[in-house]
Amino acid sequence: MKLYNKTIHDLHEDLKEGRVSSTRITEDVFQRIDDVDDQVRAYLTLTRESAMESADEADERYRKGDFLGQLDGIPMAVKDIFMTDGVKTTCGSKILENFIAPYDGTVVAKVKDSGAVITGKVNMDEFAMGSSNENSGFFPTHNPWNTDMVPGGSSGGSASSVAAGEAICALGTDTGGSIRQPASHCGVVGMKPTYGRVSRYGVIAFASSLDQVGPLTRDVRDCAILLKAIAGHDPADSTSAKIPVPDYPSLLTGDVEGMRVGLPEEYFGEGLDPEVEELVRAAVTILEKRGMKPVPISLPSTRYAVATYYIIAPAEASSNLARYDGVRYGVRYPEAKGLMEMYKKTRSQGFGVEVQRRIMLGTFALSAGYYDAYYGKAQRVRTMIRREMDEAFSKVDVLLAPTAPTAAFPIGDRVDDPLRMYLSDVFTIPVNIAGVAGISVPCGLSSEGLPVGVQLIGPSFKEETLLNVAYAYEQERGEFPECPL
Amino acid sequence: MKITPELVEHVANLARLELSGEEKERMEDQLGKILEYIGLLDELDISDVPPTSHVIDVHNVFREDEVKESLPVGKGLANAPERAGTAFKVPRIIEG
């Protein structure tokens, strides 16, 4: 197997035994980027020079036998939403096209402290608003399984870089499905941890009550390794939880005998591609072989989740994005005569169409006369969705559902129909609204040869359970086909 | 909820956005469709349900008021579109 296609844990063994160097792995990954990125277009910025230096330092530690852990010397791609000291950080937006981050966000600092080798910054939908990467202010990323297809979004660059061998693992963020949906479309593992599990300090804000950082990896063990490295309380983010971080990798036993898996009927209804349904239902059978008991569950509020989300997320975004005013950073419209003209021209020319649409929607939902009917109501429905989810977890250990209603769709297919694009996230959004954890694991290929993911959803701060069920599934499923690119 | 051209204009002004005529028309159409979909929530009786603004219950997170290093002025100003000495420079605010 090519080095660039190996897992973190396999490469770590190779590094520990001196069979390979981090320098060699990193060179191999950059060679792969040189070979295929003109087709995939996952990267916005490459940090080749600093990566080779980090790899060299990792090799020195392995030589001395004092490596920092399993991530030491592993090439990793970082979504361009993460502040990365001294590196261009655009959030996929023209308005930040020249922005050089003045510090490392907590998660970036943590992976650097774990010895990870950062290969560069990867593409995304502008300000993480999108499900296809077509809303990037620069260019769309392509799905490595079929380059006519979208990779999903908004962490499309993260998912496609891992799928294509342009990174061993990647960091993403998930506000309404932005890790899990592209993971599903690109045939990789992607997890949205519980809200508060990972610090958001230095993550460019989209919707602060929903945003969460998570890993995109080749398998579940790698996901556990990367989650362990990034999770934990951070004094710089008061919404990060003061709850100890379990040693996720060592808790992967694959023993799920007697555990209950809930099948929410609302996730298997209208709009679900029959082929996807078949593959997802086959995953239930696989878990049954491991001794898990399927339990029918009903979550009637599911049908209100997308509507609720498209009030709350744009409302929070409209407030968060008020900071892009052309004063302190970012691009400024140069010829404005007064302050108001500067604000308006800067923002209208700097933001793309989807971002402006969401700012409009959010500003409307918060505006005088409409606040109670929209934002206030959405917050109440959010409570209903949370309560239902909590109640479900008193009956079952995890829920199982499709990650996305279809496999990856063709580039250009949904750009003119925002509502249809929004419905791509119908199965992932409830997880963010409730604040619980979700993971997408590849469960098969469609007849067109495109990957499909199964989603497992678990209660707050029980990522170890979720990972263990995903691990048991993956063991029983066996090897997933390699991306043909 | 009917979206009118006046409402689009009003909200765009609140959001400090400047839309062209064509953009306004498209916004009117698309916001209208999205809000129509959101109208789904009207079928719920939620009068007794309390709102959730945050999923984790944290209030007033206090810490000791310690003096720490902050971002150096030079780094803080490095991304400014225009600066004057140690300040951000903006177009004239007070007309006159």
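Please read these numbers as outputs of a predicted model, since none were measured by experiment. (Residues numbered from 1 in each chain as written. Chains lettered and ligands numbered in written order. Predicted model: local features only at pLDDT ≥ 70, side-chain atom pairs only at ≥ 80, totals over all residues. Heavy atoms only, no water.)

Colleague: Please clarify how the overall build of chain A should be interpreted in this entry.
Modeller: What chain A contains, in helices and strands, is 15 helices and eleven strands. Taken over the C-alpha trace, chain A has a radius of gyration of 21 Å; the compact-globule value for 485 residues is 23 Å, and the two agree within 12%. Taking the principal axes of the C-alpha coordinates as reference, chain A spans close to 65 × 55 × 45 Å. Per-residue burial over chain A gives 67% buried out of 485 residues. (Helix = DSSP H or I, 4+ residues; strand = E, 2+ residues; numbered from the N terminus. Rg over C-alpha atoms; globule rule 2.2 N^0.38 Å. Buried < 20%, exposed > 50% of the residue type's maximum accessible area, 1.4 Å probe, protein only.)

Colleague: Any chance you could explain the interface of chain B and chain A here in plain terms?
Modeller: Size of an interface, as often reported, equals the accessible area lost when the parts are brought together. Listed per partner, the contact involves 50 residues of chain B and 64 residues of chain A. When chain B packs against chain A, close to 5400 Å² is buried across both sides, 68% of that on carbon and sulfur atoms. Remark: the boundary between chain B and chain A carries five salt bridges. Counting the contacts that link chain B with chain A gives 20 residue pairs in polar contact (both at pLDDT 80 or more). Residue assignment for the side of chain B that touches chain A shows that the elements contributing at least two residues are helix H1 (5-14) and helix H2 (21-38) of chain B. When residues in the side of chain B that touches chain A are grouped by element, the largest group, nine residues, is from H2 of chain B. Here the residues of the side of chain B that touches chain A sort into 33 nonpolar, seven polar and ten charged. (Contact = heavy atoms within 4.5 Å. Buried area = accessible area lost by both parts, 1.4 Å probe. Salt bridge = Lys/Arg side-chain N within 4 Å of Asp/Glu carboxyl O. Polar contact = N/O pair within 3.5 Å; in protein donor to acceptor, adjacent residues only side chain to side chain. Nonpolar A, V, L, I, M, F, W, Y, C, P; charged D, E, K, R; others polar.)

Colleague: Help me out: how do you make sense of the environment of Arg 218 of chain A in this one?
Modeller: Residues and elements named next belong to chain A. In this fold, Arg 218 is placed in the loop between strand E6 (212-217) and helix H7 (220-230). Looking at Arg 218, the relative accessible area reads 18%, which means it is buried. Taking the C-alpha atoms as reference points, Arg 218 and Pro 140, 78 residues apart in sequence, are found 23 Å from one another. When residues no more than four places from it in sequence are discounted, the contact partners of Arg 218 are Tyr 4, Asn 5, Lys 6, Thr 7, Val 162, Gly 165, Ala 167, Ile 168 and Val 189. Polar side-chain contacts of Arg 218 include one of 2.9 Å to the backbone oxygen of Tyr 4.

Colleague: What am I meant to see in the confidence of the model for chain B here?
Modeller: In regions of low pLDDT, the predicted coordinates are not meant to be interpreted in detail. Mean pLDDT for chain B: 91, with 99% of residues reaching 70 or above. As scored by the predictor, the complex reaches a pTM of 0.97 and an ipTM of 0.95. (pLDDT = per-residue confidence, 0-100.)

Colleague: Mind showing me how you'd approach the sheet that holds strand E10 (residues 437-445) of chain A here?
Modeller: The pairing of strands in a sheet happens through backbone hydrogen bonds and is either parallel or antiparallel. All names here are of chain A. Strand order across the open sheet formed by eleven strands is E1-E3-E2-E4-E6-E5-E10-E11-E9-E7-E8, with mixed pairing between neighbours. Since the sheet does not close on itself, it has two edges, and those belong to strand E1 (43-46) and strand E8 (293-297), each with one partner. Between one strand and the next, the sheet's axes are offset by a mean angle of 30 degrees, whatever the strand orientation. The sheet contact formed by E1 and strand E3 (residues 117-122) spans three bridges and is antiparallel. Residue pairing for E3: Leu 46 is matched across the bridge by Gly 120. (Pairing = 2+ DSSP bridges. Axes fitted to C-alpha atoms, helices over the stretch in contact; angles between N-to-C directions.)

Colleague: Can you walk me through the pairing of E8 of chain A in this structure?
Modeller: Taken residue by residue, a regular strand's side chains alternate between the two faces of the sheet. All names here are of chain A. As judged from the five bridges shared by strand E7 (residues 260-264) and E8, these two strands associate in the parallel manner. Of the residues in E8, the one forming a bridge with Pro 264 is Ile 297. Handedness of the crossover joining E7 and E8 through helix H8 (residues 274-289): right-handed. (Right-handed = clockwise from strand over helix to strand, strands pointing away.)

Colleague: Explain unusual backbone geometry here, please?
Modeller: What is expected of a backbone is that most residues other than glycine have negative phi and most peptide bonds are trans. Residue and element names in this part refer to chain A. Here the amide bond leading from Gly 153 into Ser 154 is cis, since omega sits at 5 degrees, within 30 degrees of zero. Of note, Phe 461 is a non-glycine position whose phi angle comes to about 55 degrees, a positive value. Structurally, the position occupied by Phe 461 is in the loop between strand E11 (451-458) and helix H15 (463-477).

Colleague: When you look at the environment of Arg 63 of chain A in this model, what are you seeing that I'm missing?
Modeller: All names here are of chain A. Here Arg 63 shows up in helix H3 (residues 48-64). Taking relative accessible area as the criterion, Arg 63 reaches 60% and is therefore assigned exposed. Counting along the chain gives 49 residues from Arg 63 to Lys 112, while the straight-line C-alpha distance between them is 19 Å. Only 2.9 Å separates the side chain of Arg 63 from the side chain of Glu 60, close enough to count as a polar contact.

Colleague: Just to check I follow, could you spell out the environment of Val 381 of chain A for this structure?
Modeller: Its location among the elements puts Val 381 of chain A in helix H12 (residues 372-392). Take Val 381 of chain A: its relative accessible area is 0%, and that puts it in the buried class. Apart from residues lying up to four places away in sequence, Val 381 of chain A is in contact with Tyr 304 and Thr 308 of chain A together with Leu 41, Leu 44 and Ile 46 of chain B.

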